[in-house]
Amino acid sequence: MAKTLGAVLIVVGILTFVIQGISYTTHEEVIDIGPLKVTTENEKTIPLPPILGGLALVGGVVLVALGTRRS
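A brief report on the enclosed structure follows. (Residues numbered from 1 in each chain as written. Predicted model: local features only at pLDDT ≥ 70, side-chain atom pairs only at ≥ 80, totals over all residues. Heavy atoms only, no water.)

## Quick notes on the environment of isoleucine 14
Part 1: Structurally, the position occupied by isoleucine 14 is in helix α1 (residues 2-19).
Part 2: Classification of isoleucine 14 as partly exposed rests on a relative accessible area of 45%.
Part 3: Between the C-alpha atom of isoleucine 14 and that of tyrosine 24, which follows or precedes it by ten residues, the distance is 21 Å. (Helix = DSSP H or I, 4+ residues; strand = E, 2+ residues; numbered from the N terminus. Buried < 20%, exposed > 50% of the residue type's maximum accessible area, 1.4 Å probe, protein only.)

Encoded structure:
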């Protein structure tokens, strides 16, 4: 169990360094006058700090090491 969770954390840590943020698009209605509707798309990004990736990576390595040690 610890090895599996550790492997997942290692992958998440590496992905955090590669991706560096999660982007998504929102649609907002600007004008709504009868049959006339004007919308706009806004792209927003949630930044993922590198320290988060580092902590996940280190935690994953520790869990894999502990899981291997106990086996």
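The rest of the description comes next.
## Let's talk about unusual backbone geometry
Part 1: A positive phi angle, close to 65°, is found at glutamine 20, a residue other than glycine.
Part 2: Owing to a relative accessible area of 54%, glutamine 20 belongs among the exposed residues under this scheme.

## Focus on the environment of glycine 67
Part 1: Following the sequence through the fold, glycine 67 ends up in helix α2 (residues 50-70).
Part 2: Along the chain, glycine 67 and tyrosine 24 lie 43 residues apart, while their C-alpha atoms are 37 Å from each other.

## Structural notes on the packing of α1 against α2
Part 1: Where α1 contacts α2, the axes come no closer than 7 Å and their chain directions differ by 155°. By the angle class used here, α1 and α2 are roughly antiparallel. Between α1 and α2 the crossing geometry is left-handed. In this structure, α1 uses Ala2, Lys3, Leu5, Gly6, Ala7, Leu9, Ile10, Gly13, Ile14, Thr16 and Phe17 to contact α2, whose residues at the interface are Pro50, Gly53, Gly54, Ala56, Leu57, Gly59, Gly60, Val61, Leu63, Val64, Gly67 and Thr68.
Part 2: By residue class, the composition of the contact of α1 with α2 is 13 nonpolar, nine polar and one charged. (Axes fitted to C-alpha atoms, helices over the stretch in contact; angles between N-to-C directions. Parallel < 35°, antiparallel > 145°, perpendicular 65-115°, else oblique. Left-handed = near helix turned anticlockwise from the far one by under 90°. Contact = heavy atoms within 4.5 Å. Nonpolar A, V, L, I, M, F, W, Y, C, P; charged D, E, K, R; others polar.)

## Comments concerning α1
Part 1: With 18 residues, α1 extends 25 Å from end C-alpha to end C-alpha; this agrees with the ideal 26 Å at 1.5 Å per step.
Part 2: Gly6, Gly13 and Thr16 are the residues of α1 that are buried. Seen from one end, α1 has its buried residues packed into an arc of 80°, which puts them on one side. In α1, the exposed positions angled more than 90 degrees off the buried face are occupied by Thr4, Val18 and Ile19.
Part 3: Elements that come into contact with the buried residues of α1 comprise α2.
Part 4: Phi turns positive, to about 65°, at glutamine 20, one or two residues after α1. (Expected span 1.5 Å × (residues − 1). Arc of directions from axis to C-beta.)

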